[in-house]
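# Coordinate inspection notes
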Amino acid sequence: MSDLVKRYTASVDFDQRMWRQDIRASLAHATMLARQNIISTDDLADIERGMAQVVHEIESGSFVWSLDLEDLHLNIEKRLTTLVGDAGKRLHTGRSRNDQVATDIRLYLRDAIDDIASLLGEFQSRLLDLAEKEAATALPGFTHLQVAQPITFGHHLLAYFEMVRRDAERLADCRRRTNRLPLGAAALAGTSYPIDRQFVADLLGFDGVCENSLDAVADRDFAIEFCAAGALLMMHLSRLSEELVLWMNPRFGFIKLADRFCTGSSIMPQKRNPDVPELARGKTGRIYGHLMALLTLMKGQPLAYNKDNQEDKEPLFDTVDTLTDTLRIFIEMIPSITAHPENMRDALRQGFATATDLADYLTRRGLPFRDAHAAVGLAVRRAEELGIDLAQLSLEELQRVSPLIGDDVSTVLTIEGSLAARRHVGGTAPEQVLAAIARARCG
Ligand code: ARG
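This is a predicted model, so every value here is computed, not measured.

### With respect to the overall build of the protein
Along its length, the protein carries 20 helices and six strands. Counting only C-alpha atoms and orienting by the principal axes, one finds that the protein spans roughly 100 × 55 × 40 Å. The burial tally for the protein puts 49% of its 443 residues in the buried class. Taken as a whole, the protein presents about 20,900 Å² of accessible surface, with 52% of it coming from carbon and sulfur.

Structure representation (structure tokens):
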């Protein structure tokens, strides 16, 4: 084999990160082999002793990973055999690297999902904390990025809470399907040794075994599913990032992010750039790319295992790393947000944000909604001519638009009145925001 082909076909540079999972699975396999009298208890003891030494060497950094041994599995097995002799050579009885690698990836991904789920939970708590603090802070709600209606900043943040709640559900669901044992499938057809797959599954904490040996070594749909769930999570974080970037623009001036999440410019001394949210938005692209890479990797493969599958690791690992880092940063960044309620309110006042409230008021007075809509249109035009907000129009001006308007209209036209009126479940009224937070905290 030429050096080029060796490098081309090797995976040890990137699959070595699964070494803990590989050793854990090997020990479970060896324990089962001894229990089934396929290897001796002496062999098992040698394997356990040797593996403890391998663990020590890898942890201390003295383990030598060799490209000549192609992948993680052969590197560890070779070292084990050097350390304990024949017992090391017996470890591979009744298994293949095909079911071995599938097992390692599932163990690895299961651990990664657990880490990410716990980070996601922390991120959700930070969102709830900020939403509670800003439960009554008025913010312009946009549609088409134009001022639409008043909402509370807390309510806006809770929208993201709901999105990532679904992301957490998707991950938990993906974990269930990931958590099945491929070992026992061997190369593809199973093995002629009297193995006990359920015993290995129990040792490794799998919920069950993969029911078909071909499927066990051939498919990576669990990894694709994880990347799909990750792509959705990143899409949500990217939308939040985009809003943070907009809100930090002085034209909005709605929030400030702590300086440690921003950088300056090498040429413009005055700049504070929202680099962290921009990068989160940007990194969403690579996560989508990984999802496409894995889908494409699978689509043309005949059953069962093909070397193509070795290409599953880098996209999967990078997805795990990117999600982990992004969540860690967001957990710190969210509490560092300072709201500027006066700027939010200024933006609201410029947008006739309570126009719908006036239309609803007229409807309650008996005007059909479409007529109310038209009447309020006239009021908005008049306010625009005078350069003032709806709430500043005199009662006289308002009654010129519709005689149904009485002096009780003033509370309806205020931001507070508009917010308080939306007091149903899922509405933006401060009391509803607090109730939603309380429900969310109960799980
Ligand atoms: N390094 C391989 C992978 O990542 C392990 C399985 C190789 N199996 C084989 N028969 N070449 O998929």
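### Examining the UniProt feature "domain: Fumarate lyase N-terminal" (unreviewed entry) in the protein
When the UniProt feature table is mapped onto this chain, "domain: Fumarate lyase N-terminal" (unreviewed entry) is found at residues 3–289. End C-alpha atoms of residues 3–289 are separated by 30 Å, and the span's content is 64% helix alongside 7% strand.

### Describing the pairing of strand β1 (residues 138–143)
As defined by bridge partners, β1 adjoins strand β2 (residues 146–152) across six bridges and the pair is classed as antiparallel. Looking at the pairing, Thr143 lines up with Gln146 of β2. Connecting β1 to the antiparallel partner β2 that follows it, the hairpin turn spans two residues, and His144 within it adopts a positive phi of roughly 55 degrees.

### As for helix α12 (residues 275–299)
For α12, which comprises 25 residues, the first-to-last C-alpha distance of 37 Å matches the rise-based estimate of 36 Å (1.5 Å per residue) to within 8%. Taken as a whole, α12 has its buried residues at Val276, Pro277, Ala280, Thr284, Ile287, His290, Leu291, Leu294, Leu297 and Met298. Check the buried side of α12 and you find it contacts α10 (213–218), α11 (221–248) and α13 (313–333).

### Regarding the packing of aromatic side chains
This model, assessed by the stated rule, comprises six aromatic pairs. Ring centres of Phe142 and Phe252 lie 6.1 Å apart, and the angle between their planes is 85 degrees; on these two criteria the pair is classed as edge-to-face. Taken as a pair, Phe142 in strand β1 and Phe252 in the loop between α11 and β5 (255–256) lie far apart in primary sequence, 110 residues in all. Note on Phe142: relative accessible area 28%, which makes it partly exposed. Relative to Trp247, the ring of Phe153 lies with its centre 5.5 Å away and its plane at 80 degrees, an arrangement referred to as edge-to-face. In this pair, Phe153 sits in helix α8 (residues 153–178) while Trp247 sits in helix α11, placing the two residues 94 residues apart along the sequence. A relative accessible area of 0% places Phe153 in the buried class. We classify Trp247 as buried; its relative accessible area is 3%. An aromatic cluster of at least three residues, connected via ring pairs, comprises Phe142, Phe252 and Phe254. Here Arg35 stacks its cationic end above the ring of Phe199, 4.2 Å away from the centre of that ring.

### Digging into helix α4 (residues 41–60)
The end-to-end C-alpha distance of α4 is 29 Å, a good match for the 28 Å that 20 residues give at a rise of 1.5 Å each. Of the positions making up α4, those classed as buried are Asp43, Leu44, Ile47, Gly50, Met51, Val54, Glu57 and Ile58. Buried residues of α4, viewed axially, fall in a sector of 145 degrees; they line one side. Exposed side of α4, more than 90 degrees from the buried face: Thr41, Asp42 and Arg49 are the residues found there. Of the surrounding elements, those touching the buried residues of α4 are α3 (19–35), α5 (72–84) and α6 (86–90). Gly61 occupies a position one or two residues after α4 and carries a positive phi of about 85 degrees.

### What about the state of the cysteines?
Enumeration according to the criterion identifies zero disulfides in this entry. Its sulfur unpaired, Cys174 is 8.8 Å from the next cysteine sulfur, which belongs to Cys227.

### Considering the UniProt feature "domain: Argininosuccinate lyase C-terminal" (unreviewed entry) in the protein
In the UniProt entry, the feature "domain: Argininosuccinate lyase C-terminal" (unreviewed entry) is given for residues 352–419. In residues 352–419, helix accounts for 66% and strand for 0%; the two terminal C-alpha atoms are 14 Å from one another.

### Focus on a nonpolar patch on the surface
Together, Leu188, Leu214 and Leu303 line one region of the surface with nonpolar side chains, adding up to about 270 Å² of accessible area. Looking at where Leu188 falls in the secondary structure, it is placed in the loop between β3 (180–181) and α9 (197–203).

### Section: the site of the ligand
The environment of the ligand is formed by Ser11, Asp71, His73, Arg97, Asn98, Val101, Tyr305, Gln310 and Lys313. Taking Asp71, its side chain carries an N or O atom lying 3.1 Å from a nitrogen atom of the ligand. Note that a nitrogen atom of the ligand is positioned 2.9 Å from one of the side-chain N or O atoms of Asn98. Protein burial of the ligand: of its 340 Å² of free accessible surface, 85% is covered by the chains. For the shell around the ligand, the element with the most residues is helix α7 (residues 97–133), which contributes three residues.

### A few points about unusual backbone geometry
A cis geometry characterises the amide bond from Leu303 onward to Ala304, with omega recorded as 5 degrees. Along the chain, Ala304 turns up in the loop between α12 and α13. Its identity as a non-glycine residue notwithstanding, Asn37 has a phi of 60 degrees, on the positive side. Mapping Asn37 onto the fold places it in the loop between α3 and α4. Under the relative-accessibility criterion, Asn37 is labelled exposed at 68%. The phi angle at Leu145 is positive, at roughly 60 degrees, despite the residue not being glycine.

### A short note on the nonpolar core
Counting residues in each nonpolar core, the largest one holds 101 residues, and the members touching the most others are Ile76, Phe123, Phe226 and Ile255. A total of 15 residues in this core trace back to one element, the largest contributor, which is α7. In this structure Ile255 touches Phe153, Leu244, Trp247, Met248, Ile337, Thr338, Ala339, His340 and Met344, once residues within four positions along its chain are discounted. Of all hydrophobic cores here, the second largest spans 20 residues; its members include Leu362, Ala372, Leu393 and Leu398.

The rules behind the values
Residues numbered from 1 in each chain as written. Predicted model: local features only at pLDDT ≥ 70, side-chain atom pairs only at ≥ 80, totals over all residues. Heavy atoms only, no water. Helix = DSSP H or I, 4+ residues; strand = E, 2+ residues; numbered from the N terminus. Buried < 20%, exposed > 50% of the residue type's maximum accessible area, 1.4 Å probe, protein only. Areas by Shrake-Rupley, 256 points an atom, 1.4 Å probe, with all protein chains shown as cover. UniProt positions renumbered as here; feature names shortened; annotations may be inferred. Pairing = 2+ DSSP bridges. Expected span 1.5 Å × (residues − 1). Contact = heavy atoms within 4.5 Å. Phe/Tyr/Trp six-rings, centres within 6.5 Å; stacked < 30°, edge-to-face > 60°. Lys NZ or Arg CZ within 6 Å of the ring centre and 35° of its normal. Arc of directions from axis to C-beta. Disulfide = S-S within 2.5 Å. Patch = residues over 30% accessible without salt bridge, like charges linked within 9 Å, V, L, I, M, F, W, Y side chains within 5 Å. Salt bridge = Lys/Arg side-chain N within 4 Å of Asp/Glu carboxyl O. Near = heavy atom within 4 Å. Polar contact = N/O pair within 3.5 Å; in protein donor to acceptor, adjacent residues only side chain to side chain. Core = buried A, V, L, I, M, F, W, Y, C linked by side-chain atoms within 4.5 Å.

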